[in-house]
Amino acid sequence: MNTPCQDNHRSGNSLITIGLVVDAHEQDEIHIHARWLCSRLSEEFQHDFPDFTWKFRIVQRHDFPQTIPRDPLELLEFGSDIKIEYGFDFLLVFSALPLLARFGQAISAVPSNMLETGVITISRLLEMEDKHKTRMAILALTRHVLGHLWGLDHNDQSVMRPRQFWRGEEPTDWSQDEKSEIMQYLKDIADPRLEETSLAPHTAWKFYLQVILREGWQIAGDILLSRSWLMMAHLGRFTTATAVSITFLFLSAEAWEMGAAIQSGWLDMVLAGVLFASTFSLYFGQNLHAVGRSDRMMEQAVRSRIVLVGTLLVGMVSFWINLFIISLGIIYILPDSVLAGWAGLAGKSLPMVHFAKLMATFGIVASALGGNLEEEHDLKAVLIYSEET
Ligand SMILES: [Zn+2]
């Protein structure tokens, strides 16, 4: 079932559509809250952002994921598919059941800027006695999530202030500056998507190339925003697998002999190959290629995939740099004569940079294997979540 909330149609303005997905089996109370939220936001946005025509739509689904507690990652993917299916610009998955917290304590929402989708649960908000406060909390939480989808950072002076618990206390709205930032962000979004223009190529690689040419800089910004270098910090097994393998490598004479046999030029090529191979091994191993899937070539889905691969690659490169510095430090500390003996370079000085490169490269191979062992899709969550709030 698909219910329009309220249409504020004005010709000439760019249209922004927001979908709100609710489980069809949810209690009446939840559907009432969802309808109230839609019409309230619709009115406010029309007032605050008059350059756009706002269209909200509630979608009731019978195939809503039923795992308990609700897994935000599953809901984000479910929502992202619906967003593509209906052609919404943004989508919110609205639920009354608790969400699974991966990185923090109890959570109320997970926005994903990459998927232009957010998950909101009002389970803890419904526990409040004061019903007016509940509604204010729902409104503030939704604004906070939309703010993240529209590129805003945290700010203590506005609704973008991070909170442990959403109680409907002030501030519940964005600041004037934030509203201007949102305007600018939405203006970029409202441009026609590639598949809606006559320029859209029909072959896959041309489509990818076209997306990179059109949005290369923004995509690069997104990749750096996703803070891929923090990716590794979240992943314990990833780091452990790497540390263990590097330790064994340092203790085995064969690794040193092999290092002496490989020429520097070859090693650089092997390194580039290993970085790309491990990036794609994680990409396919973690089923990231299924993110934002669609039968047709769509700019949004293609863009998400490029950002995912780019984030993984930047993560891998920065991880390699870390391993390189650690290896170089260890080689510097160990006695030169022993290492030169292992490497069969008796009498000559040890090329330290060369060996540190080799060890770091082996470390990346091990980490790619370790990364694919991560349980519970943690890696995927690190890449897709903007935050848990
Ligand atoms: Zn936040």
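Structure: above.
Description of the structure in this document.

About the cut-offs
Residues numbered from 1 in each chain as written. Predicted model: local features only at pLDDT ≥ 70, side-chain atom pairs only at ≥ 80, totals over all residues. Helix = DSSP H or I, 4+ residues; strand = E, 2+ residues; numbered from the N terminus. Expected span 1.5 Å × (residues − 1). Buried ≥ 20, exposed ≤ 12 C-beta atoms within 10 Å, placed from the backbone. Contact = placed C-beta atoms within 7 Å. Pairing = 2+ DSSP bridges. Right-handed = clockwise from strand over helix to strand, strands pointing away. Core = buried A, V, L, I, M, F, W, Y, C linked by C-beta atoms within 7 Å. Domains from an automatic or database assignment.

## Notes on helix α2 (residues 72-86)
Phase 1: Under the 1.5 Å per step criterion, the end-to-end length of α2 is 21 Å for 15 residues, consistent within 8% with the ideal 21 Å.
Phase 2: Buried residues of α2: P72, L73, L75, L76, E77, F78, G79, S80, K83 and I84, and no others.
Phase 3: For α2, the elements touching its buried residues are β2 (14-23), β4 (90-95), β5 (109-112), β6 (117-121), α10 (299-333) and α13 (378-384).
Phase 4: At the C-terminal side of α2, G87 shows a positive phi close to 70 degrees.

## Side note on the pairing of β2
Phase 1: Summarising the sheet, β2 and strand β3 (residues 52-61) pair through 10 bridges and their orientation is parallel. Paired with D23 across the strands is R61, a residue of β3.
Phase 2: The β-α-β motif built from β2, the intervening helix α1 (residues 28-48) and the parallel element β3 has right-handed crossover chirality.
Phase 3: In the sheet, β2 pairs with β4 via five bridges, with the strands oriented parallel.

## What to know about the nonpolar core
Nonpolar side chains tend toward joint burial in soluble globular proteins.
Phase 1: One finds L20 and I120 to be the most contacted residues of the largest nonpolar core, which totals 80 residues.
Phase 2: Ranked by the residues each element gives to this core, the list is headed by helix α12 (residues 352-371), at nine residues.
Phase 3: Two domains each provide a minimum of three residues to this core, namely domain 1 (2-190) and domain 2 (204-384).
Phase 4: Among the nonpolar cores identified, the runner-up in size contains five residues, and I84, L194, V211 and M298 belong to it.

## A closer look at the environment of L339
Phase 1: Within the fold, L339 resides in helix α11 (residues 336-342).
Phase 2: For L339, a count of 19 C-beta atoms within 10 Å gives the class partly exposed.
Phase 3: With 11 residues separating them along the chain, L339 and L350 place their C-alpha atoms 7.6 Å apart.
Phase 4: When sequence neighbours within four positions are dropped, the list of residues in contact with L339 reads W256, I331, L334 and L350.

Shape descriptors only; they carry no functional weight alone.
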